[in-house]
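Chain residues, written in single-letter form:
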Amino acid sequence: MRVLIAEDNVLTRRMLERTFERWGYELVSTPSGKEALDLLLGPDPPLIAVVDWMMGDLDGVTVCRRLRAERTEPYIYIILVTGRRSTADIVAGLEAGADDYIVKPFNPEELRVRVRAGERIVRLHQELVNAREKLRLQALTDPLTQIWNHKAILDRLDSEYERAQREGIELVVAMMDVDRFKQINDTYGHQVGDQVLVETAARIRDVLRPYDSVGRYGGEEFLVIVPCQNPADPADIGRRLWQRIRGTRYKLDGLHLRVTVSVGLSVWHASEDIPPPQLVQRADQALYYVKRNGRDNYMVYSHMAALPAPANAG
Amino acid sequence: METTRTLLHRCLTQVEGDTGLLEELLDMLPSCLEDLMASFRKAVVDHDATAAHEAAHSVKGMLANVGFFELAELAYEIEQLSKASRFSVALERMEELAEKTNATVTEVRKLLENMPCGC
Ligand SMILES: [Mg+2]
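Residues numbered from 1 in each chain as written. Chains lettered and ligands numbered in written order. Predicted model: local features only at pLDDT ≥ 70, side-chain atom pairs only at ≥ 80, totals over all residues. Heavy atoms only, no water.

I'm lost on the packing of helix α1 (residues 10-22) of chain A against helix α3 (residues 49-66) of chain B in this one. Help?
For any two helices packed against each other, one specifies the inter-axial angle together with the distance between the axes. Their axes nearest at 9 Å, the elements α1 of chain A and α3 of chain B cross at an angle of 35°. Our pair here, α1 of chain A against α3 of chain B, has a crossing hand that is left-handed. For the pair α1 of chain A and α3 of chain B, the contacting residues are Leu11, Thr12 and Met15 of chain A in the first and Met62, Asn65 and Val66 of chain B in the second. Here the residues of the contact of α1 of chain A with α3 of chain B are counted per class, giving four nonpolar, two polar and no charged. (Axes fitted to C-alpha atoms, helices over the stretch in contact; angles between N-to-C directions. Helix = DSSP H or I, 4+ residues; strand = E, 2+ residues; numbered from the N terminus. Left-handed = near helix turned anticlockwise from the far one by under 90°. Contact = heavy atoms within 4.5 Å. Nonpolar A, V, L, I, M, F, W, Y, C, P; charged D, E, K, R; others polar.)

Just to check I follow, could you spell out the pairing of strand β8 (residues 221-228) of chain A for this structure?
Both faces of the sheet carry side chains from a regular strand, because those side chains alternate between them. Residues and elements named next belong to chain A. With seven of eight residues buried, β8 is to be regarded as a mostly interior element. Across eight bridges, strand β6 (residues 170-178) lies against β8 in antiparallel orientation. By the bridge assignment, Val172 is partnered in β8 with Val226. Here four bridges tie strand β7 (residues 213-216) to β8, and the two strands are oriented antiparallel to one another. Opposite Gly215, over in β8, you have Leu223 as the bridge partner. With antiparallel pairing between neighbouring strands as the criterion, β7 and β8 make up a hairpin whose turn holds four residues. (Buried < 20%, exposed > 50% of the residue type's maximum accessible area, 1.4 Å probe, protein only. Pairing = 2+ DSSP bridges.)

Quick question: what am I supposed to make of the sheet that holds strand β4 (residues 77-82) of chain A here?
By way of backbone hydrogen bonds, the strands of a sheet pair with one another, either parallel or antiparallel. All names here are of chain A. Spatially, the five strands line up as an open sheet ordered β2-β1-β3-β4-β5, and their pairing is parallel. Looking at strand neighbours, the two that pair on one side only are β2 (26-30) and β5 (100-103), the edges of this open sheet. Mean inter-strand twist for the sheet, computed between neighbouring axes without regard to direction, equals 20°. Here strand β3 (residues 48-52) runs beside β4; their pairing, made up of five bridges, is parallel. In the strand pairing of β4, Asp52 is matched with Val81.

What is the right way to look at helix α1 (residues 4-14) of chain B in this model?
It helps to recall that an α-helix has 3.6 residues per turn; residues three or four apart then point in one direction. Of all the residues in α1 of chain B, the buried ones are Leu7, Leu8, Arg10, Cys11, Leu12 and Gln14 of chain B. Taken together, the buried residues of α1 of chain B touch α1 and α5 (108-140) of chain A together with α2 (19-45), α3, α4 (69-83) and α5 (87-113) of chain B. Glu16 of chain B occupies a position one or two residues after α1 of chain B and carries a positive phi of about 50°.

How do you make sense of the interface of chain A and chain B when you look at a structure like this?
Where interface size is given, it is often the accessible area lost as the parts come together that is meant. Residue-level contacts link 19 residues of chain A with 23 residues of chain B. Approximately 1800 Å² of surface area, both sides summed, lies buried where chain A meets chain B, with 60% of it carried by carbon and sulfur atoms. Counting across the interface, chain A meets chain B through five salt bridges. Glu24 of chain B is paired through a salt bridge with Arg14 of chain A; the nearest N and O atoms lie 2.4 Å apart. Counting across the chain A and chain B interface gives 10 residue pairs in polar contact (both at pLDDT 80 or more). Of all the secondary structure elements, the ones that give two or more residues to the side of chain A that touches chain B are α1 and α5 of chain A. If one sorts the elements of the side of chain A that touches chain B by residue count, α1 of chain A sits on top with eight residues. (Buried area = accessible area lost by both parts, 1.4 Å probe. Salt bridge = Lys/Arg side-chain N within 4 Å of Asp/Glu carboxyl O. Polar contact = N/O pair within 3.5 Å; in protein donor to acceptor, adjacent residues only side chain to side chain.)

Honestly, empty space enclosed by the protein in this entry has me stumped. Any pointers?
Vacant regions in the atomic arrangement are exposed by a probe of water-molecule size rolled over the atoms. If you walk through the whole model with that rule in mind, you get one cavity of 30 Å³ or more. Size it by volume and the largest cavity reaches roughly 60 Å³. Around the largest cavity, the lining residues are Glu7, Asp8, Asn9, Asp52, Met54 and Lys104 of chain A together with His57, Ser58, Gly61 and Met62 of chain B. The element contributing the most residues to the lining of the largest cavity is α3 of chain B, with four residues. Residue composition of the lining of the largest cavity, grouped by class: two nonpolar, four polar and four charged. (1 Å grid on protein atoms, 1.4 Å probe; cavity = no way out; pocket = protein on both sides within 12 Å on 5 of 7 lines; lining within 4 Å. Points joined across faces, edges and corners; volume = space filled by probe spheres on them.)

Structure follows, in structure tokens:
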């Protein structure tokens, strides 16, 4: 664990440095309160700070107060080092956001156990943050395919839509459906059906860039969001998605399955007044068109108008 | 007054028996003290009670951390005198303190050098 030492007296600082080195800590040390604050507010800060109360440029209590006001994570455990012994001073230090204090002359053994207590708190806090982050991701992820779930992908669409509006870029939305999925399930069983979904999600991701999004919209339905810096070519996106699935057979548990998808796409051009739900609806209508016309194909919503009405078959 | 041997023992406690560190700190002490003395003298000339008090406070902390508790007590008195703007007495005491500190450093050093291994 990395420890910051802020102490303006060169001798005391040297003593603290050597002591912490002996204890096996990685160290950053400075004679300046200002520099200490910069380090604690900067990237990858030390998680334990031993801060002198009286320093020429910025005192330890101010360092505590400003750090607490400006940064909540990661949690930094602060031990104030003070020559003051009055209760009022100690209360002031703790109220400013210090976690603990030690009075000069510090007893090294006491300092050591106080630092260890700090380490425990910092570790616990890190574990909590990690667990919370894991839960947050879990709540947004489809457990089977490990892509966004229904709610998460719609949230992504809202935020991507806002960003596209801000930046004046275009947005392509694709709705994809695995053809005759019920038949796959009925023929090979649900486990194979699940694997088909996992493999389909993986193949969709292959086609996409890191900043595109894909989510499991429903049972065998996927929603894809592609922001486009250049004028969008939805047919090209549709073709690549469609081709990536049907191009090679799925190798699952000794089976070589031919899987195809139907893809419907819609586009949002900058300054158009089409809200996200309508973009999804349009992609869905294009998908419906493909389904009605023999599946295993892709269609862009705006191209549908130019085509003859779909055959009345299912 | 405590013996130099007792004092050495406490100094070693402060550095958890790290004799190398203690030697280094004793080497640093006179010049660190001189720097603080210079700030103190300037504060006295300026009749700046705050600056004088702060310099004395730093001297006190430094001496105490090394284990020189009795000398730190003297520094504390100087801190109080400075706070009360009793500059001439404070300065006199500070000069005495510096002398005593340097003498103590020399004594502790000598004892440390002659210390049998594993003390
Ligand atoms: Mg200080």
